[in-house]
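# Coordinates in review
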Amino acid sequence: MPVSIPQIFISWSHNEERQIAELLKKLLLECFHVQVFVSSQDIPCDEDFGNVIRENLKAADYGIVCLTKRTRFEPWIMFEAGVLMGRHDFSKVTFILFDMEFEDMPAPIKTHQALLFNQKYIKELLTTVRKRLSLQERNSIQDVIEKQWSQFYDNVSSLLNKIPQQTEEEAQIKGLSE
């Protein structure tokens, strides 16, 4: 009987956040033998992207939702987060707040636990994924964080600095209009 490889779905929206999701995927793959779905990298050009996303949401054993002030009201983020939370009863879904605080989370997901973007919480994310999915480490989480954190942090911070700033009202209106 073939061994099933756990699947992680990373939700994102917009260019800089896509790049952040891709960096996070690399970090996860450095730590664990898992399949990580990031739509920008994992949808063949001849496939219906909506169907592929839905299939991967259903197949996901764990979900990570990348939130920034710009994306927190995005309909796709809310859709993917809703599917993941409904599938896993909240226990295998983590929100990462990249340029925002807990109080900035939108109402539909405000009651869910979230992690801030810092070394302590990214390490906690990796540890939680390992525990929830009963994974063996490919490389020690501690070693990966020690060796890669500085570059990971710098890359993500650089991307966050490129995100155009919006007021709270602009972000809500944009999210509702899409």
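Details of the structure are given in the entry above.
Anyway, here's the lowdown on the structure attached to this text. (Residues numbered from 1 in each chain as written. Predicted model: local features only at pLDDT ≥ 70, side-chain atom pairs only at ≥ 80, totals over all residues. Heavy atoms only, no water.)

Helix 6 (residues 141-162) packs onto helix 1 (residues 15-31) with a crossing angle of 175 degrees between their chain directions and a minimal axis gap of 10 Å. The angle between helix 1 and helix 6 falls in the class roughly antiparallel. Taking contact as the criterion, the partners of Glu16, Gln19, Ile20, Leu23, Leu24, Leu27, Glu30 and Cys31 in helix 1 are, on helix 6, Ile141, Val144, Gln148, Phe152, Asn155, Val156, Leu159, Leu160 and Lys162. Broken down by class, the residue content of the contact of helix 1 with helix 6 amounts to 11 nonpolar, three polar and three charged. (Axes fitted to C-alpha atoms, helices over the stretch in contact; angles between N-to-C directions. Helix = DSSP H or I, 4+ residues; strand = E, 2+ residues; numbered from the N terminus. Parallel < 35°, antiparallel > 145°, perpendicular 65-115°, else oblique. Contact = heavy atoms within 4.5 Å. Nonpolar A, V, L, I, M, F, W, Y, C, P; charged D, E, K, R; others polar.)

The tally for this structure, following the rule as stated, stands at five salt bridges. The salt bridge partner of Glu22 is Arg18, with a shortest N-O separation of 3.2 Å. Of this pair, Glu22 and Arg18 both sit in helix 1, four residues apart, which is roughly one turn of that helix. The class for Glu22 is buried, based on a relative accessible area of 14%. According to the relative accessible area criterion, Arg18 is partly exposed, its value standing at 22%. Between Glu137 and Arg130 there is a salt bridge, and its shortest N-O distance comes to 2.7 Å. Assessed through its relative accessible area of 32%, Glu137 is described here as partly exposed. Taking the relative accessible area as the measure of exposure, Arg130 reaches 24% and is therefore partly exposed. (Salt bridge = Lys/Arg side-chain N within 4 Å of Asp/Glu carboxyl O. Buried < 20%, exposed > 50% of the residue type's maximum accessible area, 1.4 Å probe, protein only.)

Using the criterion set out here, one finds zero disulfides in the structure. No disulfide involves Cys31; its nearest neighbouring cysteine sulfur is the one of Cys66, lying 15 Å away. For Cys31, a relative accessible area of 0% corresponds to the buried category. (Disulfide = S-S within 2.5 Å.)

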